[in-house]
Amino acid sequence: MLLDFFRIKDVSSTKLDVVNYCVMRFVLKYIEHAKELELSVFKKGKTLHDLTEHFWSRLDVKYSNAEEFGDYGYGKFYQMIKAFESSGKKVDWSYKDEMYVMAENVRKVSKSLFKILRAEGPPLFDEQTGKYLTEVRFDFRAFDRNFTGKIDEIRRKDGKLVVRDYKSGKPWMGHMKINHDPQMTIYNAGLCSKAKKDRGFAELIGLSEDRHLFDGNPNYVSNKIQHEFFMLDAPYISDKMAEKSKKDIAQKIMDDIGLYFMGVEEFGNILERYFGAEIKSKTLPKVINETKRTNEHFLEIIKMLDGAEKIIQSGMVYAERGRKCDDCNVNISCQEKLKEINKEFPADKKGQLMFSYAIPYYMKSIQTEEQKIKQEKLFKEPKKTFKITNQTS
């Protein structure tokens, strides 16, 4: 059935994050396949995730102390940029010398992380595969949808099973994100489903006694799993926030990474854009934010996906314009939608827009017929141009 074209049937953890963030972004990325920017922060994030994923397998081979780990991270960042650009693609740098500034930042952040990562000890280790439980893949089916994803890390901590998600960038996280982030909920459900399918895996992570309860029998989520958001930039930023003002923080970081080709005020504004207004506060970011998930969290995701499907199928996809759009990798394509906005409003013979209270009754009838025709076309033409309205937050 062509209606299935507009269904969100295959839900990766990345897709889930996108549709929860903005339905317009989901449509542009996964249905219209709009051009995406490769933002610089993505490259930093991928570098830091690679460093944490392979930290223990490379320890005492590639590095053995904080200085060496920082240098290794610095080299990895440039290696990733070179490989990306050699494929003919281009990184969307925010300013002229951002690549050099970001490379030094990766070095300093990595150096700050070394002591913490080593003191914590390694994640769980699977003797059968000979690998640590990092980037653990899962897939399961629920409510006529296929869910897939990768969990950054699984460990035991103080006798508890811990699912950890490493986050780069802004190290402050609000309580709504901590307690309701949908990706973390799917990690829990995915881990439970994997435990039900694989007895050996369930024994390894300590869920063998509960595995018969998972995959909706009756549970999708286990309350025995502790969740952690590990903020990768937090240790380094916390050290620099010992200074009194944004200008002082900017100066200290500039001195630390050897940045002499930019003014303090300009760099301070860049810091505020990247890390948020919290950089000016005295609230130090937490390295680890703990949280839990329940079955209700999972059912809420299903309801959210159902709602997003209805919006897409109706064609009433609108641009949720606001501060979050600044760091969206399809914001250029989204801005192009603004040119289509007038097409959705009726006009008189002189081209003047007519609002509902000024539209004659007979024109309202014509509008209704036109809407029916559009609705019929929606289910006949997979490559549909979506109706766009504009909303400013």
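As a reminder, the structure under discussion sits directly above these lines.
Described below are features of the structure shown in this document. (Residues numbered from 1 in each chain as written. Predicted model: local features only at pLDDT ≥ 70, side-chain atom pairs only at ≥ 80, totals over all residues. Heavy atoms only, no water.)

## Some points on the overall build of the protein chain
Stated precisely, the cut-off is as follows: Put simply, DSSP marks the helices as runs of H or I at least four residues long and the strands as runs of E at least two long, and each gets a number from the N terminus on. To sort residues, take the accessible area from a 1.4 Å probe on protein chains only and compare it with the maximum for the residue type: under 20% means buried, over 50% means exposed, and anything in between is partly exposed. Each accessible area is a Shrake-Rupley estimate made with a 1.4 Å probe; only the visible protein chains count as cover when residues are assessed.
Per the secondary structure count, the protein chain includes 15 helices and ten strands. For the protein chain, the proportion of its 393 residues judged to be buried stands at 45%. Counting only carbon and sulfur atoms, one obtains 51% of the accessible surface of the protein chain, whose full area is about 21,100 Å².

## A few points about the pattern of salt bridges
We apply this condition: Just to be clear on terms, a salt bridge is a Lys or Arg side-chain nitrogen sitting within 4 Å of an Asp or Glu carboxyl oxygen.
For the structure shown, the criterion picks out 24 salt bridges. The salt bridge partner of lysine 29 is glutamate 36, with a shortest N-O separation of 2.7 Å. The partner of arginine 164 in a salt bridge is glutamate 120, with the nearest N and O atoms 2.7 Å apart. Highlighted residues: arginine 164 in strand S6 (residues 160–167) and glutamate 120 in helix H6 (residues 98–120), separated in sequence by 44 residues. Residue class for glutamate 120 comes out partly exposed when judged on its relative accessible area of 26%. Overlapping salt bridges bring together Glu120, Glu153, Arg155, Lys157, Arg164 and Glu228 as one network.

## Focus on the packing of helix H1 (residues 13–21) against helix H8 (residues 182–197)
So the rule is basically this: In this analysis an axis means a line fitted to C-alpha atoms, helices contributing only their contacting stretch, and an angle means the value between N-to-C directions, from 0 to 180 degrees. Each angle gets one of four labels, with under 35 degrees taken as roughly parallel, over 145 as roughly antiparallel, 65 to 115 as roughly perpendicular, and the rest as oblique. Here a crossing is taken to be left-handed if its near helix is turned anticlockwise relative to the far helix by less than a right angle, and right-handed if that turn runs clockwise. Whether two residues touch is decided by their heavy atoms; if any such pair falls within 4.5 Å, the residues are in contact. Put simply, Ala, Val, Leu, Ile, Met, Phe, Trp, Tyr, Cys and Pro go in the nonpolar bin, Asp, Glu, Lys and Arg in the charged bin, and everything else, Gly too, in the polar bin.
Following both chains from N to C, one finds H1 and H8 inclined at 150°, their axes separated by 9 Å at the closest point. With respect to their mutual orientation, H1 and H8 come out roughly antiparallel. Note that H1 runs across H8; the crossing there is right-handed. Judged by residue contacts, Ser13, Thr14, Leu16, Asp17 and Asn20 of H1 engage Pro182, Gln183, Ile186 and Tyr187 from H8. Class assignment for the residues of the contact of H1 with H8 results in four nonpolar, four polar and one charged.

## Some points on the packing of aromatic side chains
Convention followed: Pairing of aromatic rings covers Phe, Tyr and Trp, the last counted by its six-membered ring, and requires centre-to-centre distances within 6.5 Å; plane angles under 30 degrees mean stacked, over 60 mean edge-to-face, and any other angle means tilted. Ring-over charges, as used throughout, are those where CZ of Arg or NZ of Lys falls within 6 Å of the ring centre and within 35 degrees of the ring normal.
Throughout the structure, instances matching the rule amount to 20 aromatic pairs. Judged by centre distance (5.3 Å) and plane angle (80°), the rings of phenylalanine 55 and tryptophan 56 are edge-to-face. Taken together, Phe138, Phe140, Phe143, Phe147, Tyr187, Tyr220 and Phe298 form an aromatic cluster joined through their ring pairs. The ring of phenylalanine 84 has lysine 43 lying over it, and the distance from NZ or CZ to the ring centre is 3.7 Å. The ring of tyrosine 21 is capped by lysine 324, whose NZ or CZ atom sits 4.9 Å from the centre of that ring.

## Some thoughts on the side chain of asparagine 105
Worth spelling out the cut-off: In protein, a polar contact means a hydrogen-donor-capable atom and an acceptor-capable atom, both N or O and within 3.5 Å, with residues adjacent in sequence counting only if both atoms are side-chain atoms; elsewhere, any N or O pair within 3.5 Å suffices.
With respect to the helices and strands, asparagine 105 occurs in helix H6. You can call asparagine 105 buried: its relative accessible area is 12%. Within polar-contact distance, the side chain of asparagine 105 engages the side chain of lysine 44 at 2.6 Å.

## Focus on helix H2 (residues 23–31)
The buried fraction of H2 is high, at eight of nine residues. Along H2, the residues classified as buried are Val23, Met24, Arg25, Phe26, Val27, Leu28, Lys29 and Ile31. Within two residues after H2, histidine 33 carries a phi angle of roughly 50°, on the positive side.

## Here we look at the nonpolar core
Note the threshold: What we call a nonpolar core is a set of buried Ala, Val, Leu, Ile, Met, Phe, Trp, Tyr and Cys residues that are connected through their side-chain atoms within 4.5 Å.
Grouped together as the largest cluster of nonpolar side chains are 55 residues, with contacts concentrated most on Phe147, Ile154, Leu191, Ile205 and Phe298. Ranked by residues supplied to this core, first place goes to H8 with seven residues. Listed in part, the 37 residues of the second largest apolar core include Tyr72, Met99, Val106 and Trp172.

## With respect to H6
Worth spelling out the cut-off: Here a helix's expected span is defined as the number of its residues, less one, multiplied by 1.5 Å. To obtain the bend at a residue, axes are fitted to the seven residues ending there and to the seven starting there, and the angle between these axes is taken.
Taking 1.5 Å per residue as the helical rise, H6 with its 23 residues ought to reach 33 Å, and the 32 Å between its terminal C-alpha atoms agrees with that figure. At leucine 113, H6 is bent by approximately 35°, the largest bend along its length. Backbone geometry just downstream of H6 places glycine 121 in the positive-phi region, at approximately 90°.

## Examining the state of the cysteines
Applicable threshold: The disulfide criterion is simple: two cysteine sulfur atoms within 2.5 Å.
Taken as a whole and assessed by the stated rule, the structure comprises zero disulfides. Summary of cysteine pairing: cysteine 22 is not part of a disulfide, and the nearest cysteine sulfur, belonging to cysteine 334, is at 6.3 Å. Among the residues examined, cysteine 22 registers a relative accessible area of 8% and is labelled buried.

## A short note on the pairing of strand S4 (residues 134–142)
To be explicit about the condition: Strand pairing is assigned whenever DSSP identifies at least 2 bridges connecting the two strands.
With eight bridges connecting them, S4 and strand S5 (residues 145–157) associate as antiparallel partners. What sits directly across from threonine 134, in S5, is glutamate 153. As consecutive antiparallel partners, S4 and S5 are separated by two residues, and within that stretch phenylalanine 143 has a phi angle of approximately 50°, a positive value.

## Regarding the side chain of lysine 167
Take lysine 167: it is sitting in strand S6. Leave out the neighbours within four places in its chain, and lysine 167 touches Met173, Gln183, Phe229, Phe230, Met231, Leu232 and Asp233.

## Observations concerning the packing of helix H3 (residues 40–53) against helix H5 (residues 66–86)
Running from N to C, H3 and H5 cross one another at 130°; their axes reach a closest spacing of 10 Å. The pairing of H3 with H5 is recorded here as oblique in orientation. Between H3 and H5 lies a crossing whose hand is right-handed. Seen from H3, the contacting residues are Lys43, Lys44, Lys46, Thr47, Asp50 and Leu51; seen from H5, they are Phe69, Tyr72, Gly73, Lys76, Phe77, Met80, Ile81 and Phe84. For the contact of H3 with H5, a count of residues per class yields seven nonpolar, two polar and five charged.

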